[in-house]
Amino acid sequence: MQRVRRIGRVIENGIVGAVTGTVAGVSRMIDGMIGLVGRQSERLDARLSSLADASRARHRREGRRQIDPISLE
């Protein structure tokens, strides 16, 4: 009977370890994805900021431009 209990505990500890490892792995993956999205967001913000600066500078130099109603350029 004691052997059956030991085998049960070993199986239980194995299952708990597997579940814990899986949760830790998923957590690391989510953290990695959050970091990746954060870096991409910062790059996008920097690019949009540089485009806005260039647009303001062009507007100061050239003034307001009319949009061509045919090509919308």
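None of the values given here were measured: they were computed from a predicted structure.

1. Some points on the overall build of the chain
Part 1: A count of helical and extended segments in the chain gives 1 helix and 0 strands.
Part 2: Taken against the 2.2 N^0.38 rule, which gives 11 Å for 73 residues, the C-alpha radius of gyration of the chain at 29 Å runs more than 25% over that of a compact globule.
Part 3: Based on the C-alpha atoms only, the size of the chain along its principal axes is roughly 90 × 25 × 10 Å.
Part 4: When the 73 residues of the chain are sorted by exposure, 0% land in the buried category.
Part 5: With the model as given, the accessible surface of the chain reaches about 7100 Å², and the carbon-plus-sulfur share is 59%.
Part 6: Each charge class in the chain was averaged separately, 14 positive and 8 negative side chains, and the resulting centres sit 12 Å apart.

2. Let's talk about a positive patch on the surface
Part 1: Residues R3, R5, R6 and R9 make up a contiguous surface patch of positive charge.
Part 2: Mapped onto the fold, R3 is located in helix α1 (residues 2–62).
Part 3: Residue R3 is classed as exposed on the basis of its relative accessible area of 69%.

3. Quick notes on a nonpolar patch on the surface
Part 1: Taken together, V26, M29, I30, M33, I34 and L36 make up a surface patch of nonpolar side chains, about 570 Å² in accessible area.
Part 2: With relative accessibility at 55%, the residue I34 sits in the exposed group.

4. Details of the pattern of salt bridges
Part 1: As enumerated under the stated definition, the model contains 1 salt bridge in all.
Part 2: Note that D53 and R56 form a salt bridge whose closest N and O atoms lie 2.8 Å from each other. Note that D53 and R56 are positioned in helix α1 at a spacing of 3 residues, about one turn of the helix.
Part 3: Taking relative accessible area as the criterion, D53 reaches 42% and is therefore assigned partly exposed.

Conventions adopted
- Residues numbered from 1 in each chain as written.
- Predicted model: local features only at pLDDT ≥ 70, side-chain atom pairs only at ≥ 80, totals over all residues.
- Heavy atoms only, no water.
- Helix = DSSP H or I, 4+ residues; strand = E, 2+ residues; numbered from the N terminus.
- Rg over C-alpha atoms; globule rule 2.2 N^0.38 Å.
- Buried < 20%, exposed > 50% of the residue type's maximum accessible area, 1.4 Å probe, protein only.
- Areas by Shrake-Rupley, 256 points an atom, 1.4 Å probe, with all protein chains shown as cover.
- Lys, Arg positive; Asp, Glu negative; His and termini not counted.
- Charge placed at Lys NZ, Arg CZ, Asp CG, Glu CD.
- Patch = residues over 30% accessible without salt bridge, like charges linked within 9 Å, V, L, I, M, F, W, Y side chains within 5 Å.
- Salt bridge = Lys/Arg side-chain N within 4 Å of Asp/Glu carboxyl O.

Structural measurements only, silent on function.
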